[in-house]
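# Fold and geometry: a report
Next come the chains, spelled out residue by residue.
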2 protein chains.
Amino acid sequence: MARARGGRAARRAARAGSDGDATASVIRQSEWGQLHYVDRAVEPLDAEGVERIHDIAMRILEEIGIDFLHEDARRFLADAGCSIVDGGPTVRMDREFIMEMVARAPESFTITPRNPAREITIGSGRAAFGAVASAPNVSDLENGRRTGNRADFRTLLKLTQSFNAVHFNFGYPVEPVDIHASIRHLDALYDILTLTDKVAHAYSLGVERIEDAMEMVRIAGGLSWEEFEAQPRMFTNINSSSPLKHDWPMLDGAMRLAQHGQPVIVAPFTLAGAMAPITLAGAIAQQTAEALAAIALLQWIRPGVPVGYGAFTSNVDMHTGAPAFGTPEYVRAMQMSGQMARRYRLPWRASNANAANYPDAQATWETCNSLYGATSGQANFICHAAGWMEGGLTASLEKFVIDCELLQQWTHYHRPVSTEPEDLAFDAIREVGPHGHFLGAEHTQARYKTAFYSPFLSDWRNYEAWEEAGAEKTHERAHRIWKELVANYSAPAMDEGVREELEAFVQRRKDEGGAPTDF
Amino acid sequence: MARARGGRAARRAARAGSDGDATASVIRQSEWGQLHYVDRAVEPLDAEGVERIHDIAMRILEEIGIDFLHEDARRFLADAGCSIVDGGPTVRMDREFIMEMVARAPESFTITPRNPAREITIGSGRAAFGAVASAPNVSDLENGRRTGNRADFRTLLKLTQSFNAVHFNFGYPVEPVDIHASIRHLDALYDILTLTDKVAHAYSLGVERIEDAMEMVRIAGGLSWEEFEAQPRMFTNINSSSPLKHDWPMLDGAMRLAQHGQPVIVAPFTLAGAMAPITLAGAIAQQTAEALAAIALLQWIRPGVPVGYGAFTSNVDMHTGAPAFGTPEYVRAMQMSGQMARRYRLPWRASNANAANYPDAQATWETCNSLYGATSGQANFICHAAGWMEGGLTASLEKFVIDCELLQQWTHYHRPVSTEPEDLAFDAIREVGPHGHFLGAEHTQARYKTAFYSPFLSDWRNYEAWEEAGAEKTHERAHRIWKELVANYSAPAMDEGVREELEAFVQRRKDEGGAPTDF
């Protein structure tokens, strides 16, 4: 757990902590707080390597170009002096323009949800963790794997709210396909904004959805439009259609949010060997070109709008073509992405990804590798941090719990080690001497409650005691914990007038037919 | 897999690889080779912090002293000018003496087993991985947990030999308690030296055992005594009895091996809050004092003898007193240990430890954390790297396989990333353009066989295919793999005359009664 820094942060943490009391009867978790990096980032590239990748990214933008499948985007870029190739979708932009636009973006920004105690900072040497998003399936040990639905969707939101280690909602943790697609975003956002008080995300899936999302976030926060636009209140994440293409719905949503001053993460999905070159240097160059192209567009439209450099480069299994995550290559790709993001002074997004089918050893090592890649590269915005499995095809309820344990551990790990005289313990060592034991020493007794990180999911009993108690495996303990958390969940407070306004909006938009489903 | 560097290493790797062919019918593993570090070490302490810990370690040695429970050791140290406190076991030594002795130790050394292709380098920016050692129990999925025995002992040796990721034998992977203690070392060493051709270790458990071990390693290598002593052929590891004490059997074995030029690792077992201060800085200071005390003794006896700074500082669960491994504190303790070892220009030893009872998620995250701590701190000698569980109380056959997969991944991760023009792939990106796919590109086809690390244990099929094939979990796949490896095992070649000499030695020493069992 990161120590609260400063009076304002401390008061916020205290308020946020008290909201999470319902979990205290189930687990003893770390307090609300972001990870603060203390180590140097791991940097596999030397300065020349970074410049080589930068140069190729610039040459991609200058000589090959990026397809912008949105006429407004092309019009903006033409106005900015970029060249539209043969009147078609391809836009070429020179490096001076790109770098001038990128320089407009802030190095760090905050996003403030309806509960200001849940504000997160994106950048400034910190990481924020988001829940799993967009899984078509959901699974748990008892009921197996099933298609996403609103009941499980709500269960995952309750876990998002319960765990202090999860700082923001990403998309829908699982797709609630039992809600008709035309009105799904209305019910889903309503659930997100009432069952959690953490930062919300809007999918860039067409005009109506993104406009409705902004309106609902505004209402939930009890904000006027002026207040909503005055600072980041929500965000969207767009993916390029790699290679070298930005599609209409993503561009449209991104431009709408940017026009209202809301943050946009641009995350190319560049699997090396499939949608990007098989070499990491080439894949990162392409990722960089695709990300900066959209960032330049957004900075032209709204100078200074918060954006994030998104990194999702991984590799495929070259025997089968299956995507792989949490591989050695994935770790390196994340570290390289961090170097590129820092070169452009942009906050950056990574993911806690794995390609396993069961919350077992493989799922865990891929997760540990992904978290290592993201944090050793000092990512600021770590999506899918809890619950993601099968390369994103399933949200696992047990994995959600396991991941939160790991997020807490990584956060705790990033605390400075003290070598103050009392920590060097010379007097305690002399006092205990060669025949004693430190458990009883005053130096130990004064510190034992807080000296070490205390996990909620580890079982450190000896084998006999563990077996006697039922030989519960880690995923079985995780199963028990999520059920208890959901049973003990209590919704965060919301002003009754605000809730009614939100409900009325949802009803009105449903009456109007919601959004087109031809996306 | 580290690339073979230079012609001699390449030829060795080729020879060693061909020995491992029996495994090829079961798994496709990485070739024989050590991990070569390429990143900067992660260093939680600043230069002043390192000096503060050093200063406390020196003050422990100067002002408190270390108990040496061996009269020869005290006599050597008295000869060296150290002060024997009140004629008792406590020896105080000043920092000038300590640092002069430590400076005699080599920064790097090799150990050459009977198959010279299996030579390992300890130091020089490399890591070597050893098998689990000294577990009293053994477990597998089919037969559960049981007391150690020779059959399982031999099974674990066959796995040690089969996996290229395992570079050396540590102690007995599991204690073969069905062999009488007086002759156990004879049968156990015979098995180690015939079932594997990798570096062997001798327990420092009394005069006869250590002398017999040297003799057997000498015979197995077909060496004269002069040849045996000319370079490191084996090693021992001693633990202090923390706090501040070195026991007779450990000191006796260490001194005997040192006198014959064989390496000694000195690894204090300093659990913070139990045998060492609860603060990491204090625990590492005590670890350093205990390690350097024995290292100074050995360097006085035999200037330049290879030694290793051993680190085993972890924390205990302060609610129950149970030892914990693979915790955030453990990671920091390993990184700090690496800083201290580099300050003294000593190669250093870490462990791949965990405290889990089952090869599940907890076992895996604790293992990943331990490996991260050891490798981010750039440990040179990583013991218990495959198969250790329950804080060392069980050798798990499935965990052995899982760990070898992780050792391969970490080794592969430590390869430099290239940004040569062909890796930047500009032409491939232009060729594929916005409408293509890289799978068919020539740039991909020329590289797909070797571009990415290829795991032997991961299952990256989609859920439906995985379920259709039996929904085998990772530990179940590991179970199948170790059984197949044992079934396909073939013993490494040994000259018939050498084998007969080894057998005759074992028989003669058994006839003489073996070793006393009053240790």
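Notes on the structure follow. (Residues numbered from 1 in each chain as written. Chains lettered and ligands numbered in written order. Predicted model: local features only at pLDDT ≥ 70, side-chain atom pairs only at ≥ 80, totals over all residues. Heavy atoms only, no water.)

Moving on, we get to the pairing of strand β8 (residues 137-140) of chain B. Residues and elements named next belong to chain B. Side chains N137 and S139 project from β8 onto one buried face, and the interleaved V138 and D140 project onto a second face that is buried too. Hairpin connection from β8 to strand β9 (residues 144-147): 3 residues lie between these consecutive antiparallel strands. Inspection of the sheet shows β8 paired to strand β21 (residues 394-396) by 3 bridges, in the parallel sense. Paired with N137 across the two strands is T394, which belongs to β21. (Buried < 20%, exposed > 50% of the residue type's maximum accessible area, 1.4 Å probe, protein only. Helix = DSSP H or I, 4+ residues; strand = E, 2+ residues; numbered from the N terminus. Pairing = 2+ DSSP bridges.)

Below, the discussion takes up the sheet that holds strand β16 (residues 314-316) of chain A. Two pairing modes exist for strands in a sheet, parallel and antiparallel, and in both the strands are linked by backbone hydrogen bonds. All names here are of chain A. Taken in spatial order, the 3 strands of this open sheet run β14-β16-β17, and their pairing is mixed. One side of each edge strand has no neighbouring strand; the edge strands of this open sheet are β14 (271-272) and β17 (323-324). As defined by bridge partners, β16 adjoins β17 across 2 bridges and the pair is classed as antiparallel. Within β17, the position partnered with N315 by the bridge is A324.

All names here are of chain B. If you check helix α12 (residues 361-376), its first and last C-alpha atoms are 22 Å apart, about what 16 residues at 1.5 Å a residue would give, namely 22 Å. Burial within α12 is extensive, with 16 of its 16 residues counted as buried. Put simply, D360 is the residue that caps the front of α12, since its side-chain oxygen is 3.3 Å from the backbone nitrogen of Q362. Once α12 finishes, Q378 follows within two positions and takes phi at roughly 60°, a positive value. (Expected span 1.5 Å × (residues − 1). Polar contact = N/O pair within 3.5 Å; in protein donor to acceptor, adjacent residues only side chain to side chain.)

Where helix α11 (residues 328-343) of chain A meets helix α13 (residues 397-413) of chain B, the closest approach of the two axes is 9 Å, and the angle between their N-to-C directions is 40°. Two packed elements cross with a definite hand, and for α11(A) against α13(B) that hand is right-handed. Residues A:P328, A:E329, A:V331, A:R332 and A:Q335 of α11(A) lie in contact with α13(B), whose contacting residues are B:Q409, B:H412 and B:Y413. (Axes fitted to C-alpha atoms, helices over the stretch in contact; angles between N-to-C directions. Left-handed = near helix turned anticlockwise from the far one by under 90°. Contact = heavy atoms within 4.5 Å.)

The subject of this paragraph is the interface of chain B and chain A. Facing the 108 residues of chain B at the interface are 108 residues of chain A. Interface area for chain B against chain A, summed over the two sides, is near 9,400 Å², with a carbon-plus-sulfur share of 65%. Ranking the residues of chain B by area buried against chain A places B:W365, B:F452 and B:W460 at the top, with a combined share of 10%. Put simply, B:R145 and A:E464 hold a salt bridge, and the shortest N to O gap is 3.2 Å. (Buried area = accessible area lost by both parts, 1.4 Å probe. Salt bridge = Lys/Arg side-chain N within 4 Å of Asp/Glu carboxyl O.)

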